[in-house]
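Here are the chains, one letter per residue:
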Amino acid sequence: MTCTEFLQILDDVIDQSIAAETRAEIEAHLKKCGHCEVVLNTTRKTIEIFRCHEIYEVPAEVSQRLHTKIMDRCKKAR
Amino acid sequence: MSTIQPIAGTDEQHPDVALVARVRGGDVAAYDTLVHKYERQIFRIAQHITQNREDAEDVMQDAFLKAYEKLDQFQGNSKFYTWLVRIAVNESLMRLRKRRTGKLVSMDEDVQTDEGSVPRDFADWAPNPEQNYTQSELAEILKKTIQGLPQGFRVVFVLRDVDGLSTEETAETLGLSVPAVKSRLLRARLQLRERLTRYFGRRAPAIAQANAASGGDGAEA
């Protein structure tokens, strides 16, 4: 497996949708290619960081205000 | 005669199905539950598209109201959440169009770029690199990093990786093909990784800062 081939299936590796027979090939490639190993690990970590840290928090008072507005309008719409 | 198939999904019905049925039956409180459940996600996606807090608040309000009014049109062959997100995405694009005084805005903007499709920076990251920053510093870094992506990549990444929609659901929500979602997702992930390496890579901070300041990747194609 070449680095280009690895990159083409990187998403499948991350999303764990890899056929069993390809898995051994990937592992062999990663064992000898430090660059691809770094790319895989740091891409995984990238996703994890964005998943675990909310960038756009809704302040409680904004949420409450919007909520009241939405519900008022919904009740009127009935 | 025994070949009648049960309606798909009846075995493990999504909890939203019952809530939607209650709303249709006139139970406004059930809609309250749905708003509570999804307000954070809808606000997030609106922020990522409009990049403007005021617009995002308006989008959130309008999307939930529109969904309520159009609930009779909701077919139930997709999840309530993906249907709601689709409304929010359209509302967000409309807002953006208004701000740009009618200029056409689409999900295809700026995606014709090869920038960042090949990794360049192979510096490994320190373990838990985010711990080297305060919460607010980290939020700034993540904001700056993701705002630098073309909109069409950013939205795919947020729906697929942050919200956890499937590739098919993301495609359906954005009106894109599955291969288009896949290609955008890979490039979004790689570009974000490359940009975060400037902050999290194991190297002297001075070098990292100089790289970040000079615009970093894409300089030498």
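A brief look at the structure comes next. From a predicted model like this one, the values you see are computed outputs, not experimental measurements.

Conventions and cut-offs
Residues numbered from 1 in each chain as written. Chains lettered and ligands numbered in written order. Predicted model: local features only at pLDDT ≥ 70, side-chain atom pairs only at ≥ 80, totals over all residues. Core = buried A, V, L, I, M, F, W, Y, C linked by C-beta atoms within 7 Å. Buried ≥ 20, exposed ≤ 12 C-beta atoms within 10 Å, placed from the backbone. Contact = placed C-beta atoms within 7 Å. Helix = DSSP H or I, 4+ residues; strand = E, 2+ residues; numbered from the N terminus. Axes fitted to C-alpha atoms, helices over the stretch in contact; angles between N-to-C directions. Parallel < 35°, antiparallel > 145°, perpendicular 65-115°, else oblique. Left-handed = near helix turned anticlockwise from the far one by under 90°.

**A closer look at the nonpolar core**
Looking at soluble globular proteins, one finds that nonpolar side chains tend to be buried together. Within the largest apolar cluster, 56 residues are counted, with the highest numbers of intra-cluster contacts made by I42, A46, A63, L84 and A88 of chain B. Residues in contact with I42 of chain B, not counting those within four places in the same chain, are M60, A63, L84 and A88 of chain B.

**What to know about unusual backbone geometry**
Unusually for a residue other than glycine, Q16 of chain A sits at a positive phi of about 55 degrees. Here Q16 of chain A lies in the loop between α2 (10-14) and α3 (20-32). Its 7 C-beta neighbours within 10 Å are what place Q16 of chain A among the exposed residues. Phi at N128 of chain B takes a positive value of approximately 45 degrees, unusual for a residue other than glycine. By secondary structure assignment, the location of N128 of chain B is in the loop between α4 (80-99) and α5 (135-147).

**Some words on the packing of helix α3 (residues 53-69) of chain B against α4 of chain B**
Residues and elements named next belong to chain B. Two numbers describe how α3 lies on α4: the axes approach to 9 Å, and their chain directions differ by 135 degrees. With respect to each other, α3 and α4 are oriented oblique. Two packed elements cross with a definite hand, and for α3 against α4 that hand is right-handed. The residues of α4 that touch α3, namely those facing D55, D58, V59, D62, A63, K66 and A67, are L84, I87, A88, E91, S92 and R95.

Without other data, these values stay purely geometric and don't point to any function.
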